[in-house]
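Each chain is listed here by its residues.
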Amino acid sequence: MKTLYREFISTTLLILGISILIGFILANVVYVIFTKEEITQQNMEVAEQIVHVLEEMHVSSHTVHPFLESVGQLGYQIYLANRSGEAYFFGEPFEHSRLPHTMDQVLSGTPYMGKDGIWDQFWMMGHFSNDIRNTVGLPLQIGNQTYALFVKPASKILFSDIHMMLAGFIVAVAIVSLLGVIKMTKRLIHPISELSEATKAITNEDFTYSLDIHRKDELGQLAENFLRMQQQLQHNDVARKSFISNVSHDFQSPLMNIQGYGDLLLLPNLDEKTRLQYAGIVSDEARRLSNLTKQLLLITSLDQSGYPVKKSPHRLDLQIKESIKKHQWSLQDRNLTISYKLDKAVLYSDRELLAIVWDNLITNAIKYNQPNGHIFISCTTAGNKIILTFEDTGVGLSEESAKQVFERFYRVDATRKKDGTGLGLSIVKEIVTLLNGTITLESELAKGTTFTVIFLMEGHDESWNKNGVYG
Ligand code: ADP
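Residues numbered from 1 in each chain as written. Predicted model: local features only at pLDDT ≥ 70, side-chain atom pairs only at ≥ 80, totals over all residues. Heavy atoms only, no water.

Asks: Can you help me understand the overall build of the protein in this one?
Replies: Looking only at helices and strands, the protein features 15 helices and 11 strands. Its C-alpha radius of gyration of 51 Å places the protein more than 25% over the 23 Å reference for a compact globule of 471 residues. Taking the principal axes of the C-alpha coordinates as reference, the protein spans close to 155 × 65 × 35 Å. Within the span of the protein, comprising 471 residues, buried residues form 35% of the whole. (Helix = DSSP H or I, 4+ residues; strand = E, 2+ residues; numbered from the N terminus. Rg over C-alpha atoms; globule rule 2.2 N^0.38 Å. Buried < 20%, exposed > 50% of the residue type's maximum accessible area, 1.4 Å probe, protein only.)

Asks: What is the right way to look at helix H10 (residues 316-326) in this model?
Replies: One turn of an α-helix holds 3.6 residues; hence residues three or four places apart share an orientation. All of the buried residues along H10 are Leu-316, Asp-317, Gln-319, Ile-320, Ser-323 and Ile-324. The buried residues of H10 occupy one face: seen down the axis, they fall within an arc of 160°. Seen from the open side of H10, the exposed residues pointing more than 90 degrees away from its buried face are Lys-325 and Lys-326. (Arc of directions from axis to C-beta.)

Asks: Would you mind showing me how to read the layout of surface pockets here?
Replies: Leftover empty space is mapped by rolling, across the atoms, a probe with the size of a water molecule. The volume enclosed by the largest pocket comes to roughly 1,500 Å³. Taken together, 46 residues form the lining of the largest pocket, with Asn-291, Thr-363, Lys-367, Asp-419 and Gly-420 sitting closest to its centre. When residues of the lining of the largest pocket are traced back to their parent elements, those giving at least two are helix H9 (272-303), helix H11 (328-333), helix H12 (351-367), helix H14 (424-434) and strand E11 (448-456). Grouping the constituent residues of the lining of the largest pocket by class yields 16 nonpolar, 13 polar and 17 charged. (1 Å grid on protein atoms, 1.4 Å probe; cavity = no way out; pocket = protein on both sides within 12 Å on 5 of 7 lines; lining within 4 Å. Points joined across faces, edges and corners; volume = space filled by probe spheres on them. Nonpolar A, V, L, I, M, F, W, Y, C, P; charged D, E, K, R; others polar.)

Asks: Help me out: how do you make sense of the site of the ligand in this one?
Replies: Close contacts around the ligand come from 20 residues, with Asn-364, Tyr-368, Asp-392, Thr-421 and Leu-425 the closest. Residue Tyr-368 places a side-chain N or O atom 2.7 Å away from an oxygen atom belonging to the ligand. Contact between the ligand and Gly-424: an oxygen atom at 3.3 Å from a main-chain N or O atom of the residue. Protein coverage of the free-state accessible area of the ligand, which is 530 Å², stands at 97%. The cavity where the ligand resides is the largest pocket. For the shell around the ligand, the elements supplying multiple residues, two or more each, are H12, H14 and E11. (Near = heavy atom within 4 Å. Polar contact = N/O pair within 3.5 Å; in protein donor to acceptor, adjacent residues only side chain to side chain. Areas by Shrake-Rupley, 256 points an atom, 1.4 Å probe, with all protein chains shown as cover. Sits in = over half its atoms within 2 Å of the grid points.)

Listed below in structure tokens is the structure:
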């Protein structure tokens with residue numbers, strides 16, 4: 001596999017290589033255009049100076065040697081030769097000392113200006129090689145002998161300490177940057193590999209992988225977001241599993257009852273009273289199943305982000321009165337009294353969904369009330385708020401339960417399971433939130449519970465309420 005790490009390193013090396021190459025080509029261009037000519041000229045001046053001094057001094061072939069030796073010691077490489085085969089070297093020895101036909105050219109009076117082949121012209125390093133062909137050559141007349149004098153600065157001068165320091169500096173910079181790039185790449189790649197491992201773990205439904213990333217940059221942020229996502233996924237996974245197990249359980253028990261009592265109904269010689277009792281149980285359980293299915297369908301559709309909310313202006317007070325009427329029979333059945341103070345309130349919202357909210361809250365106030373208990377419902381407007389309360393004198397909720405009643409399938413008391421699904425209040429909460437309202441509750445055990453729903457009126461709701469145009 002081509003790893004990011006390798007790709008990063010190879011790209012950096014490639015960039016380094018290309019920049020060195022371009023730098024080198026540019027240096028050669030500068031050398032060809034400006035430096036080469038200048039250096040040859042300088043060397044030529046030195047050679048002319050030597051020739052001038054020697055010829056002016058009228059030195060003999062014996063005294064010329066010590067002079068050239070001392071020039072050699074000053075940092076020049078010198079080659080002196082004549083037609084009769086005498087040849088002398090002064091200063092640092094040449095690595096390549098083969099000088100072809102140029103000698104005759106110089107002896108016949110034409111100066112030699114160094115290497116001039118195509119390659120030599122454009123190859124800067126050739127200029128620094130310790131080659132006799134890199135010299136400049138001039139004729140030198142000593143007595144009646146004509147010599148050819150070839151001169152070039154010794155590499156010591158060319159590669160002075162400063163040059164060496166500069167070269168060392170460049171090498172050091174190259175090594176340090178390379179090491180830096182390797183280190184930085186590792187630092188950069190490590191969190192990505194960690195995240196990749198964590199993603200793999202999540203794919204395998206393992207939400208416990210802990211990331212070892214402590215950075216403040218974008219990668220740190222990515223890790224933080226990843227962690228949040230991991231926690232959310234873990235939470236969703238737990239919720240999904242418990243939802244499935246709750247649903248299966250809640251379907252299983254009524255189905256088993258229906259099956260069991262259905263079988264009993266098939267028994268011969270059942271007396272009428274028992275038969276009616278069993279049939280009643282089967283009917284109750286079937287109703288419970290139907291109720292559960294309806295609630296599950298509603299929850300599923302509310303869960304989908306694009307639930308089609310159908311808003312229209314309607315009177316909440318009238319809608320709640322209608323809902324109370326529907327429950328009149330069960331109120332009487334349980335010997336409960338109900339009172340209300342419903343101010344006129346118009347809300348531009350989803351009528352059908354709100355009906356489900358009122359129905360659930362009133363059903364619960366009836367279901368969880370004490371015998372001979374009371375229910376009080378109010379609807380008031382304050383500023384741009386519509387405040388609705390559903391108060392009962394029922395069994396109440398402990399602090400712990402009150403925190404959980406809006407969770408799916410939560411039921412306080414197992415003994416009350418019979419006619420509940422634990423989904424009602426979670427649906428209520430979802431609807432109220434979907435319609436931009438809030439729901440809270442206050443409760444005291446054995447005293448009662450009050451649910452408060454608040455909706456904020458938008459501009460047009462307020463004018464309807466004030467002017468009474470609607471309704
Ligand atoms: P259920 O179908 O069980 O009524 P809900 O979601 O409506 O489901 O309610 C969840 C639990 O909250 C109920 O099981 C009940 O114990 C408790 N509860 C709801 N409303 C009241 C209330 N008005 N007074 C006391 N307890 C309540």
